[in-house]
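# Remarks on the overall topology
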Amino acid sequence: MDDRNKNVRRRVNTPNADQSTTDPLLRQRHTEENVGLKRFFVEGSKIKWQWAPVFLGLWIILYYTVAIPAYHRLPKPLNIKDEAKYPDRFIAERAELNLQKLIDLGPRVVGSSSNEQGSIKYFKNMVQKLKSEAKDIYEIEADVQIASGSYIHWEMINMYQSIQNFIIKIGPKNYNGSSYLLVNSHYDSVPGGPGAGDDGVMVAVMLETIRVLSKSDKSLKNPVVFLFNGAEENPLQASHAFITQHKWAKNCKALINLDSAGSGGREILFQSGPNHPWLMKHYRNSIVHPYASTVAEEMFQRHFIPSDTDFRIFRDHGKVPGLDMAHQYNGYVYHTRFDRPEIIPRGSFQNTGDNVLALVREIANAPELEDTSKYAEGHTIFFDVMGSFLVFYTETEGTILNVVVCLAAFAACGYSFFQMANNAGIKLRHVLRRSLQTFLLQVLAVIAATTLCFLVGIFMDLIHLPMAWFTHSWLILGLYFCPLFFGLAIVPALYFQYSKDDRLPIGSRVQLLLHCHCLFLSFLTLIMTICKIRSAFMFMISILFYTTALIVNLATKLHNKSLPWLIPHIICGIPPFIFYAYLSHGFFVTFIPMTGRFGASVNPDLIICAFTVGVGVLTGGFMIPALNLFRKSKTIICSLLGITLICIIIAATPLGFPYRPETNVQRFSILHTRRTFRDAHNDIRRVDTGYYILPQDRRTYSVKKHAINMTLAQPIMNDCEKEMLCGLPLYNHRWHKARGSSLWIPGPVPSFDKLPSLQVTSKNQISKNKIRYDFELTGPDHMGIFIRPLNGGKVLNWSFHWTPLRMEWEPPFFVYFSYGINGDPLKFWLEIEKKDGNWSTPNVEIGIGGHWNHQKEVQTADFKKFLASFPKYVDVTAWPATYDTWIF
């Protein structure tokens, strides 16, 4: 008897031996149980088709029961009665009361009495109360700044006169240092909007933060400057005024900027630094309810989000590093008349207040604040995990981590190819050749899935059903995720059916497909890492968990079995899926409302398609191919298109109509306009009156059957060919950019107060080729100045910001001008050059747009009737305006 048989006999005779392996009856029962369990799930070499809905339903259940609740979780708010128990805590009810008092002032547009007088009076009263209640260890100072200036904002000169800031500084008494922390929010609002979410809630949070600090026994190492800026919506003028002109600005070494693109919810940290990782270190150490994302930062900085914040002004004009935080939930009411205090849950105040209070204390006491330049060490990668904790590391550490994980994936997949060859009894080179074919197949599947998804988006626009998901976002699952997943699954399914090489079992072939998807993501991760795209960590996480599952399968030999390897694969796939679902829900919550203000020229369904592809490749790329392991796999896969068809039908019903009154509104900007055009002698050659309409989304046609004379609306393109900047009173740079999609309806004469007046105060020929004009402009507190040289002339110099001339921008030039508390005439000059010295022809055309955007008393009865004719689901931002041209 050989040694092997002796060992077997010895093991059989051992009293402690496993009886299931020695007792024939037990062994038979064990085998029968395994066979019975297998029959319950498996038929032949595949899983029974009835389990496919369970497999797909698992991910939907995880999304709705784990990811969504984690995203919307808010802390229990503290009330005034809790203050005695928690004297050092932020009290949400007090912040809520602060907000209500601010909103009671009415819309706070620059130049309005509520903004220039009412708000300032409100802050002064608050300061008096704060000083009377503050501990003796603190010193509180307040200042009202009135400033004028200009700077370049995107494609226009942003010029302001006598706008206001209210500043409160709190710090230790007898402070001798020169390092302050700056905390900023704005109290002004858009025309017609209460501005509760943007940005009244942050103003209220700052006031309550000051109150808690001033009554606390915990000292501050450095002072904190709280800037309540009064001209952010203009845009961003007051922050420029502070950082370039205020006496405390030079001492502000770090920033916490608080803004909003929504109303309520949690505030997201979406910009950090730049190049100051110590800020993220203190954010992680102090924050109570973390919510932050590098992906959001990179998207914002690459202008995927149609907004801007004061953070950029402090960064670019003051070189102040900081953290940029904003509410983004419920963007449907952002910049509308429905942005009211009552829709903001008290838990939102508590969430933001807890974070801001902790962060202010942390950074104000940070040693880095004394000389922040010493700690400018590069970019960071950061993200929160389900709102529970923050992951943060430097860009260098991220590069190393990405490369290591990708190399581990390459190694694990390579070893798996070797095992497949051994298990199937074929040569390794055949498996490698098959893996190359499968890799190309997976790339083709991703391309096909992406194409199919975008084709549905184009189709929905062609049949005039875009934005069907605007209210019911679950339609996105059927309209775009289902065709995407269909494409990812059907391409390999057809390949598996028509491939004649059956030496690899179906389980191994699906594993091979998943390995190739892992390799595909790994290559993408490495390319993004090389391109210094920090969001590559999103792909790295998916690769990490898949590689972990693969290593488990290789170690346990489940890799060599047809189906059991799927269990570790699914288990390891759950954590990244929940993370992606949580993150993607946040992005959809943010971006779906934003599509309502992207303008009529943009198909918003294509934007949703782009997000769907990104999320779908990460969440479904490792799961959807597993459908090929089920019986009737092609039927299951094709059923996804059936769901898409059902959702298209739903989109054509009232359920798919995008808008709902007050909650999910359609936006229009409408100006009751008079346009006056003059000839070379400044004689009036044309006068138009009517309604200048700027649609904010794709479905302009939805109101044609409701609004008075809307069927008469005509595109403005003819005027764009004949007149400077289409001959329109463009309000700001966004209107400037979107002017081509404007509409015009002839209408009655509007009513005005204090019409714009442009006077030439002097005209001097400097030389044979140069002439100078001095002008004086009076008018309403919001005006646009448009300048176009004529007949070979060139603006050589002027009194405006020098950048457009230095950078040789193409005319016409756009100057946005507004004033706050002081409406003195604007004096400016132009120097025109003509190389031929021919001054017999006109030299320059100047257009002036006047806007009465907070004086409802000048709106005519006809205008009010026209606005009232719009459906209840429409929010109209409207005011009278003029456009006048002069030629000199």
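Conventions we followed
Residues numbered from 1 in each chain as written. Predicted model: local features only at pLDDT ≥ 70, side-chain atom pairs only at ≥ 80, totals over all residues. Heavy atoms only, no water. UniProt positions renumbered as here; feature names shortened; annotations may be inferred. Phe/Tyr/Trp six-rings, centres within 6.5 Å; stacked < 30°, edge-to-face > 60°. Helix = DSSP H or I, 4+ residues; strand = E, 2+ residues; numbered from the N terminus. Salt bridge = Lys/Arg side-chain N within 4 Å of Asp/Glu carboxyl O. Buried < 20%, exposed > 50% of the residue type's maximum accessible area, 1.4 Å probe, protein only. Contact = heavy atoms within 4.5 Å. 1 Å grid on protein atoms, 1.4 Å probe; cavity = no way out; pocket = protein on both sides within 12 Å on 5 of 7 lines; lining within 4 Å. Points joined across faces, edges and corners; volume = space filled by probe spheres on them. Pairing = 2+ DSSP bridges. Axes fitted to C-alpha atoms, helices over the stretch in contact; angles between N-to-C directions. Disulfide = S-S within 2.5 Å. Core = buried A, V, L, I, M, F, W, Y, C linked by side-chain atoms within 4.5 Å. Nonpolar A, V, L, I, M, F, W, Y, C, P; charged D, E, K, R; others polar. Domains from an automatic or database assignment.

- The name given to the protein in an unreviewed UniProt entry is FXNA-like protease, with Stomoxys calcitrans as the source organism.
- A UniProt comment under Cofactor (unreviewed entry) is attached to the protein, and it reads "Zn(2+)".

### Digging into the packing of aromatic side chains
- Throughout the structure, instances matching the rule amount to 55 aromatic pairs.
- Ring geometry for Tyr63 against Tyr64: centres 5.0 Å apart, planes inclined by 80 degrees, an arrangement best described as edge-to-face.
- When the ring of Phe591 is compared with that of Phe611, the centres are 4.6 Å apart and the planes differ by 50 degrees; the resulting orientation is tilted. Taken together, the residues Phe591 in helix H18 (residues 566-594) and Phe611 in helix H19 (residues 604-620) connect sequence positions 20 residues apart.

### Here we look at the pattern of salt bridges
- Applying the stated criterion across every chain, the model contains 31 salt bridges.
- In this structure, Arg211 and Glu208 form a salt bridge, with 2.7 Å as the shortest nitrogen-oxygen distance. Of this pair, Arg211 and Glu208 are both found in helix H7 (residues 196-214), three residues apart, which corresponds to roughly one turn of the helix.
- The exposure class of Arg211 is buried, given its relative accessible area of 8%.
- For Glu208, a relative accessible area of 1% translates into the label buried.

### Quick look at the side chain of Gln696
- Secondary-structure assignment places Gln696 in the loop between strand S13 (684-695) and strand S14 (714-715).
- For Gln696, the residues in contact, after removing those within four places along its chain, are Thr595, Gly596, Arg597, Phe598, Gly599, Ala600, Arg667, Phe668 and Ser669.

### Structural notes on empty space enclosed by the protein
- Summed over all chains, the structure comprises four cavities of 30 Å³ or more.
- Ser542, Gly573, Pro576, Phe622 and Met623 are the residues nearest the centre of the largest cavity, which is lined by 13 residues in total.
- Elements supplying a minimum of two residues to the lining of the largest cavity: helix H17 (537-556), H18 and H19.
- Looking at the lining of the largest cavity, the element that brings in the most residues is H18, giving six residues.

### Here we look at the sheet that holds strand S16 (residues 757-765)
- Reading across the sheet, the four strands line up as S16-S17-S21-S19 and stay open at both edges, with antiparallel pairing between neighbours. The sheet terminates laterally at S16 and strand S19 (794-798), the two strands that pair on one side only. Sheet twist, expressed as the average angle between the axes of neighbouring strands with direction ignored, equals 30 degrees.

### Re the state of the cysteines
- Tallying each qualifying case throughout the model produces one disulfide.
- Between the sulfur of Cys720 and that of Cys726 lies a disulfide, 2.0 Å long from S to S. Between Cys720 and Cys726 the disulfide shows an S-S torsion of about 100 degrees. By sign, it is right-handed.
- By relative accessible area, which is 23% here, Cys720 ends up partly exposed.
- The closest cysteine sulfur to the non-disulfide-bonded Cys531 is located on Cys406, 14 Å from its own sulfur.
- No disulfide involves Cys609; its nearest neighbouring cysteine sulfur is the one of Cys453, lying 3.8 Å away.

### Quick word on the nonpolar core
- Grouped together as the largest cluster of nonpolar side chains are 142 residues, with contacts concentrated most on Trp469, Tyr480, Phe537, Ile670, Ile693, Met710 and Phe870.
- Grouped together as the second largest cluster of nonpolar side chains are 60 residues, Phe90, Tyr138, Val201 and Ile256 included.

### Description of the layout of surface pockets
- Looking at the second largest pocket, its volume works out to about 1,000 Å³.
- As for the second largest pocket, its lining consists of 39 residues, of which Tyr63, Tyr64, Trp474, Leu477 and Phe481 are closest to the centre.
- Counting residues per element, the ones that place at least two in the lining of the second largest pocket are helix H4 (52-72), helix H15 (475-498), H18, H19 and helix H20 (633-651).
- Within the lining of the second largest pocket, the residues separate by chemical class into 28 nonpolar, eleven polar and no charged.
- Shared between two domains, the lining of the second largest pocket holds at least three residues of each, these being domain 1 (80-378) and domain 2 (398-656).

### Here we look at unusual backbone geometry
- Note that the residue after Asp198, namely Asp199, is joined by a cis bond; omega there is 5 degrees.
- As for its placement among the helices and strands, Asp199 is situated in helix H7.
- Cis geometry marks the peptide bond from Gly273 to Pro274; its omega dihedral reads -5 degrees.
- Mapping Pro274 onto the fold places it in the loop between strand S8 (267-273) and helix H9 (277-286).

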